[in-house]
Amino acid sequence: MALVVTLAFVVVEALAGAYANSLALLTDAAHNFTDVIALALSWYALRLTTRPANANNTFGYHRVGILVALLNSTTLALIAVGIFYEAYRRLLAPPEVEAGVLIFVAAIAFLVNAGTAWLVKKGSESDLNLRSAFLHLAGDAVSTLAAVLAGIGIALTGLQILDPLVSVLIGGLILWNAWGIVRESVEILLERSPRDLDLNAIVRDLTGVEGVRGVHDLHVWSIAQDVRALSAHVLIGDISMSAGAVIQQAINDILIQKYN
């Protein structure tokens, strides 16, 4: 639903931006078009991640969502660079902007973007793929609100420079959001330990289990944002396998309940 609504509005906003000669509307239409691509990729990745693991993909397809998140955020960064360049040109020679058209279309764009962002918000806190799509849409909602304010400012003051200035702010917002997703995606792909986990605390908790004499070769990484894995060698005494199984269960309980 979010994909269809966004695609339809991209056409309307691009035509209105060309008619009003508004860079704010044209850049937002370009950003909205990347939302269409992002939503399509995110939907496809979500379908892939539901497939079960197999002999060739023993961890399943969770990393597909991470790759899509990285792709989405990279396109956001490239769009921001393009916006900065075009805004620079217009700052040197600001063209006339139809303030009325800018205000009207940007107001509709804000409602569309806010609505579609709400549609994909569920699950975005724990899924990097969904979060990249949500940030695409939420970023658009903020930028279109800024475009409304720019249109009002132009109508009241006649300062055409407000249009490219708003575009610079939009570009900065896009770049900031993109960087956060790129950083987290790369960290997951490089199998870095999750930032919110203290490996020293994990070792202390594991060595606190009765029967555990030591823990070494500890590795913690993320398969996806909400799917974490751990491997370690745990040293115990010369005891029966059944007694060792009790220790292993105690360790698993700590790792699941306290560290997810």
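Before reading on, note that the structure itself is shown above.
Let us look at the structure shown here. For clarity, every value in this text was computed on a predicted model and none was experimentally measured.

## Observations regarding the pairing of strand E1 (residues 212-224)
When E1 meets strand E2 (residues 227-236), the two strands line up antiparallel, connected through nine bridges. Directly across from Gly214, in E2, lies its bridge partner Leu235. Between the antiparallel neighbours E1 and E2 lie two residues.

## Let's talk about helix H8 (residues 241-259)
In this model, H8 (19 residues) spans 26 Å end to end at C-alpha, consistent with the 27 Å of a helix rising 1.5 Å per residue. Of all the residues in H8, the buried ones are Gly244, Ile247, Ile251, Leu255 and Tyr259. Buried residues of H8, seen end-on, are gathered within an arc of 75 degrees and therefore sit on one face of the element. Relative to its buried face, H8 has exposed residues pointing more than 90 degrees away, namely Ser242, Val246, Ile256 and Gln257. Against helix H7 (199-207), E1 and E2 lie the buried residues of H8. Downstream of H8 by a residue or two, Asn260 has a phi angle that is positive, lying close to 60 degrees.

Conventions used here
Residues numbered from 1 in each chain as written. Predicted model: local features only at pLDDT ≥ 70, side-chain atom pairs only at ≥ 80, totals over all residues. Heavy atoms only, no water. Pairing = 2+ DSSP bridges. Helix = DSSP H or I, 4+ residues; strand = E, 2+ residues; numbered from the N terminus. Expected span 1.5 Å × (residues − 1). Buried < 20%, exposed > 50% of the residue type's maximum accessible area, 1.4 Å probe, protein only. Arc of directions from axis to C-beta. Contact = heavy atoms within 4.5 Å.

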